[in-house]
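Observations on the model geometry
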Amino acid sequence: MYKYKFSVIIPIYNVENYLTEAIESVINQTIGFKENIQLILINDGSTDNSEAICLEYKQKYPENIIYEKQQNAGASSARNSGIKFIEGEYVNFLDGDDKWNLDAFELVWNFFKNNDVKLVACRKKYFEARDYYHVLDYVFEKDRIIDIEKDYQYIQLHAASTFFEINIVKEH
């Protein structure tokens, strides 16, 4: 039913210093990029070299990468613009200055397939300047399912660190 296991939407605005590393963190996933991941790059009116980077990757992976450019309207607008291109069963909204561990998608896929959940939130480590995990990382002492009605204080949801079942995104 789905062409890919995952679709990743990256809203891009003047992140040329980080963008290559962010894209490479998706392309080099152990789950296999070409077979399992669609990458949707939405340039939100960048004035730096971000567009050239996007076009280079689009040329290398024309089957897996969609590139669109829009006038600057903010990250949320860029994310929403990318939704219409989704062909994956699950979606992630990675920021252009964030990156994934190389086995993240494989671990997330296995978690989705072995649990009855609609979203998976992952650990978030700061990029570059700070080399430590997010202040709310204590919720990730181990993999577990959190009932958001009972343990709402443990939720660490950030679009860049969360994978959503596509039906949730399209419904809301």
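See above for the structure.
Below is a summary of the structure that appears in this document. These figures come from a predicted structure and were not determined experimentally.

This brings us to the overall build of the protein. What the protein contains, in helices and strands, is six helices and six strands. In the protein, the succession of helices and strands from N to C terminus is β-α-α-β-α-β-α-β-α-β-β-α. Counting only residues that meet the buried cut, the protein has 47% of its 172 residues in that class. With an accessible surface of roughly 9700 Å², the protein has 46% of that area assigned to carbon and sulfur atoms.

Let's shift gears to helix α5 (residues 104-114). Those residues of α5 lying buried are Ala 104, Phe 105, Val 108, Trp 109 and Phe 112. Projection of α5 onto a plane perpendicular to its axis shows the buried side chains occupying an angular sector of 125°, all on one side. Opposite the buried face of α5, by more than 90 degrees, sit the exposed residues Leu 107 and Asn 114. Buried residues along α5 sit against β1 (4-12), β2 (37-44), β4 (88-92), β5 (119-121) and β6 (162-165).

As a further point, take the pattern of salt bridges. Scanning the model with the defined rule gives six salt bridges in all. For Lys 99, the salt bridge is made with Glu 21, and the minimal N-O distance between the two is 2.7 Å. Placement of Lys 99 in the loop between β4 and α5 and of Glu 21 in helix α1 (residues 16-27) is noted, with a sequence separation of 78 residues between them. On the accessibility criterion, Lys 99 (44% relative accessible area) is partly exposed. Since its relative accessible area comes to 39%, Glu 21 is described here as partly exposed. The salt bridge involving Lys 113 is made with Glu 89; its shortest N-O contact spans 3.1 Å. With a gap of 24 residues between them, Lys 113 in helix α5 and Glu 89 in strand β4 connect regions that are remote in the sequence. Among the residues examined, Lys 113 registers a relative accessible area of 41% and is labelled partly exposed. Taking relative accessible area as the criterion, Glu 89 reaches 18% and is therefore assigned buried.

All right, on to the packing of aromatic side chains then. The relation between two aromatic rings is expressed through the spacing of the ring centres and the mutual angle of the planes. Under the criterion given, the structure shown has 11 aromatic pairs. Ring plane angle 70° and centroid distance 5.4 Å describe the contact between Phe 6 and Phe 163, whose orientation is recorded as edge-to-face. You can see Phe 6 sitting in strand β1 and its partner Phe 163 sitting in strand β6, a full 157 residues away along the chain. Here Trp 100 and Phe 163 contribute two aromatic rings whose centre-to-centre distance is 5.0 Å and whose plane-to-plane angle is 40°, an arrangement assigned as tilted. Taken as a pair, Trp 100 in the loop between β4 and α5 and Phe 163 in strand β6 lie far apart in primary sequence, 63 residues in all. Each member of the pair, Trp 100 together with Phe 163, is buried. Through a chain of ring-to-ring contacts, three or more aromatic side chains come together here, namely Phe 6, Tyr 90, Trp 100, Phe 105, Trp 109, Phe 112 and Phe 163.

Another point: the pairing of β4. In terms of burial, β4 is a largely internal element, five of the five residues being buried. Two elements, β1 and β4, share four bridges in a ladder whose sense is parallel. Along β4, the bridge assignment pairs Phe 6 with Tyr 90. As defined by bridge partners, β4 adjoins β6 across three bridges and the pair is classed as antiparallel. When the bridges of β6 are listed, Val 91 appears paired with Phe 164.

Cut-offs applied
Residues numbered from 1 in each chain as written. Predicted model: local features only at pLDDT ≥ 70, side-chain atom pairs only at ≥ 80, totals over all residues. Heavy atoms only, no water. Helix = DSSP H or I, 4+ residues; strand = E, 2+ residues; numbered from the N terminus. Buried < 20%, exposed > 50% of the residue type's maximum accessible area, 1.4 Å probe, protein only. Areas by Shrake-Rupley, 256 points an atom, 1.4 Å probe, with all protein chains shown as cover. Arc of directions from axis to C-beta. Contact = heavy atoms within 4.5 Å. Salt bridge = Lys/Arg side-chain N within 4 Å of Asp/Glu carboxyl O. Phe/Tyr/Trp six-rings, centres within 6.5 Å; stacked < 30°, edge-to-face > 60°. Pairing = 2+ DSSP bridges.

Such coordinate-based values are descriptive only and should not be taken to indicate function.
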